[in-house]
Each structure stands twice: as C-alpha cells, then as structure tokens.
Amino acid sequence: MKRYLGVSIVLLCLLFLLPLATVVTHVVRREAAEEPAAKEETKIELLPPGETDGSYTIRVLKGDKVETMTMGEYLQGVVRAEMPASFEQQALCAQAVAARTYTLYKMASGGNHGDLADICTDHTCCQAYLDKETATKNWGDNAENYEAKVENAVSLTDGQTILYDGVPVLAVFHSSSAGQTKKSGEVWTSDLPYLQSVSSPEGEGVPNYYSRVEFTFAEFKKLFMAAYPEADLSGRVSGWFGERKVSEDGNVDSVTVGGVSVRGTQMRTIFSLRSTTFETEIQDGKIVFFVTGYGHGVGMSQYGAQQMAKDGSGWKDIITHYYTGVTVAVYIPEAMS
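Quick notes on the rules
Residues numbered from 1 in each chain as written. Predicted model: local features only at pLDDT ≥ 70, side-chain atom pairs only at ≥ 80, totals over all residues. Heavy atoms only, no water. Buried < 20%, exposed > 50% of the residue type's maximum accessible area, 1.4 Å probe, protein only. Helix = DSSP H or I, 4+ residues; strand = E, 2+ residues; numbered from the N terminus. Pairing = 2+ DSSP bridges. Salt bridge = Lys/Arg side-chain N within 4 Å of Asp/Glu carboxyl O. Polar contact = N/O pair within 3.5 Å; in protein donor to acceptor, adjacent residues only side chain to side chain. Contact = heavy atoms within 4.5 Å. Core = buried A, V, L, I, M, F, W, Y, C linked by side-chain atoms within 4.5 Å. pLDDT = per-residue confidence, 0-100. Axes fitted to C-alpha atoms, helices over the stretch in contact; angles between N-to-C directions.

J.: Kindly report on the pairing of strand 4 (residues 160–164), identifying the contributing residues and their values.
T.: Counting buried residues in strand 4 gives 5 out of 5 residues, a clear majority hidden from the surface. Neither face of strand 4 is open: one carries Gln160, Ile162 and Tyr164, the other Thr161 and Leu163, and all of them are buried. Both strand 4 and strand 5 (residues 167–168) contribute to a ladder of 2 bridges, which runs antiparallel. Bridge assignment links Tyr164 to a residue of strand 5, and that residue is Val167. Linkage of strand 4 to strand 5, two consecutive antiparallel strands, is achieved through a turn of 2 residues, within which Asp165 is found at a positive phi near 55 degrees.

J.: So what's going on with the pattern of salt bridges? Which residues, and what values?
T.: Throughout the structure, instances matching the rule amount to 9 salt bridges. Here Lys62 ties to Glu67 by a salt bridge, and the two come within 3.2 Å at their closest N and O atoms. What makes Lys62 partly exposed here is its relative accessible area of 28%. With relative accessibility at 36%, the residue Glu67 sits in the partly exposed group. Measuring nitrogen to oxygen at the nearest pair gives 2.9 Å for the salt bridge that ties Glu147 to Arg80. Of this pair, Glu147 sits in helix 5 (residues 143–156) while Arg80 sits in helix 2 (residues 71–82), placing them 67 residues apart in sequence. Its relative accessible area of 5% is what places Glu147 among the buried residues. We classify Arg80 as buried; its relative accessible area is 8%. In the salt-bridge network here, residues are joined through shared partners; they are Arg212, Glu214 and Lys286.

J.: Give me the lowdown on the side chain of Ser200, citing residues and values where you can.
T.: Here Ser200 shows up in the loop between helix 6 (184–187) and strand 7 (210–216). Engagement of the side chain of Ser200 in a polar contact is seen with the side chain of Ser177, the distance being 3.5 Å. Setting aside its immediate chain neighbours within four residues, Ser200 contacts Ser177, Gly179, Gln180, Thr181, Ser301, Gly304 and Tyr322.

J.: Give a description of helix 8 (residues 264–271) that names residues and reports values.
T.: Counting buried residues along helix 8, 6 of its 8 residues qualify, which places the element largely inside the surrounding structure. Burial in helix 8 covers these residues: Gly264, Thr265, Met267, Arg268, Ile270 and Phe271. Ser272 lies just past helix 8 and shows a positive phi near 55 degrees.

J.: So what's going on with the nonpolar core? Residues and values would help.
T.: The nonpolar side chains of a soluble globular protein tend to be buried, and buried together. Of all hydrophobic cores here, the largest spans 69 residues; its most connected members are Tyr74, Tyr194, Met300, Ile319 and Tyr323. If one sorts the elements of this core by residue count, helix 3 (residues 89–108) sits on top with 12 residues. Ignoring anything within four residues of it in the chain, the contact list for Tyr323 reads Ala98, Ile162, Ala171, Val172, Phe173, Tyr194, Leu195, Gly299 and Met300. Grouped together as the second largest cluster of nonpolar side chains are 21 residues, Phe224, Trp240, Val255 and Ile287 included.

J.: Explain the confidence of the model for the protein chain to me, using residue names and the numbers behind them.
T.: Considering every residue of the protein chain, the mean pLDDT works out to 89; 88% of them sit at 70 or more. Scored below 50 in pLDDT, residues 13–30 makes 65 contacts in the model with residues more than four places away or belonging to other chains.

J.: Please provide a residue-by-residue account of the environment of Lys286, values included.
T.: Looking at the element boundaries, Lys286 is found in strand 12 (residues 286–292). For Lys286 and Glu219, which are 67 residues apart along the polypeptide, the C-alpha to C-alpha distance reads 9.3 Å. Contacts of Lys286, omitting those with residues within four sequence positions, involve Glu214, Phe215, Thr216, Phe217 and Glu281.

J.: Account for the sheet that holds strand 4, with residues named and values stated.
T.: Here we have 3 strands laid out as an open sheet, ordered 5-4-14, and antiparallel in their pairing. Each edge of the open sheet is held by one strand with a lone partner, namely strand 5 and strand 14 (327–330). Sitting on the sheet, helix 3 is in contact with strand 4 and strand 5, with an inclination near 60 degrees to strand 4. Contacting strand 4 and strand 14, helix 10 (residues 315–322) crosses the sheet at an angle of about 130 degrees to strand 14.

In structure tokens:
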C-alpha cells in the first residue's frame, strides 16, 4: 500500500508541474465535457444534504482567499463546474464520487498548498469550482432542476470514496476517450494499478469528438522548433516525420519529428490538440492533425459515464468500470474523524 501511495504522490507532482499535456485537467477548460442542449420537464425533488460530507470542513483556496466550507458544499461547486448538469443523475453521482476521492487523495498526499489550504479552485492545479449563483445564471430556465441534480449527486453518494488498498485513489477523469481509456503510464511516467486501459462507450453526440487542427509549414516549424531547437526541419516536409509508435488503444506514444523522438503528450501541448489520439497528414500545403476524443484519456470518461448511465448503469458500476480493482466505501480522513 505504501508503495502504491508513494508512486501516486510522485505521479501527482508530475501531474501539476509538467506542461499542459501532463495536467489533469479535468476539464471543462478545459477538458471537461461541453454542455449539450437539454430540456428538463419534470421538477426534481431536492434531497437533504449528506451527513458524512457535512460532518467536517475543508479549507478551499479561491483566488487569493481561503474559505472554509463543508466537504459537501465544496463538492457541489466541483460537480457544477466539471460535468454538464444536463447529464444523467447516475453520471453526475459518479462525478461526485470521483471529485470527492480526488479531493481526499490530495489531502492525504499533502496537496499543493502546504498549511495554507487543503484544495483550490484552479482547474490547472486541483479541480474547477462554480458557485451556485453563477451556475444559476448560466443555466437559465433549467437552473432549479440542474441545481437539484447536482446537490442530489453529492447527497446520494454521501461520503462514498474510491479506495485501493484502503486509501483514496488518484481519481482523474476526462471529457471523452477514443473508445478506450489510457493507462496512466502512457500519458505520465508511472503506471498505477487502478488507472488501466478499459473500454469506454462514448455514445453519439459527443461535441467535437473528432477535431481537425491544421498549420502551415512555417507555423508548424516555428512551434516545434521553439520546443525542440535541435530538430532538423530542413528539406522536404514529408521528410520531417519519422517513426510513429502507437499503443493498442490508439494513443500516440511517440513520434519522430526532425530526427527528435517526442512523446505524444508533448505534441499535444505544442500544437494544442484535444487529445493524444491523433493522425497527421500533409494536405494542400498544410500539416493537418486529425484528433479523436478530448482530454488526457486516463480514468473516467465523462461522456462514457453518461452513456453508461443512459444504458442503465448505476454510479457504482460506472466507477468500478473506469477504476480497476477498486472498492467503494464511506471514508473520512483520520484528522477529521
């Protein structure tokens, strides 16, 4: 257990110190799913707050100020920001469990803020957060029902946490995968036993599931040489590209450009690609990337969770599908118990 926690902490540090490609980005940002159009017809009953999440407080860094709030209040803000409230209730519940687990993992590993705070609202560091007032304005006529779904997602999963060897896991998530999630080692530097590659039923209607990004030869050369000045991008453009290594799930592990072997994650960063599942072609005097999915591809796919919920899966089924070999149980930090 200590070995896995140690590896997890190293991975977490890399996760937020490396460039965008190594940032969890949970994303709306961001990497979270875009909000699809939806119409709520039946008024949803608001359930009472959960007792476990309301039994202790955490310190949340919002901008340059630290605010103390219950775990439940914080998680509501995260779910508002990280997943479209139009999603199925069970998908939102799965998001709440992932967000709770991620928060507890950060707290157990020391987080990024020392003695100042337990967590923050900067999505590039921790998780995104959206207050109720702002969300209400954004949601318009659906605000009452959407807020009820978000609050219910937290209360219905009160205290439920994803555990491996009895401790909270690094419960990362992303918007959509290319039909298969990625092992953590494919994207970052270490494999974690619970972040393995699994199938992901993304379903239809995922916004920008397939995306296209193109650059003139001069634009491509300028961006790539800024990151890798030792590369040789002289001669015919077709000669710039060499060996390309792709994993079984379609993730680009590495590609040789100008004689330099570059990880797919770095290519994603340099050219602002939506994921590391991409192909490259030369068309009409431009270099074109054809990209599938959105996000780092590790852990729970939000659109995959949505499709599973539509197909009748409960939140626990979703969680145990995307996080390998885990258990789910109520967990309270020792310092708070």
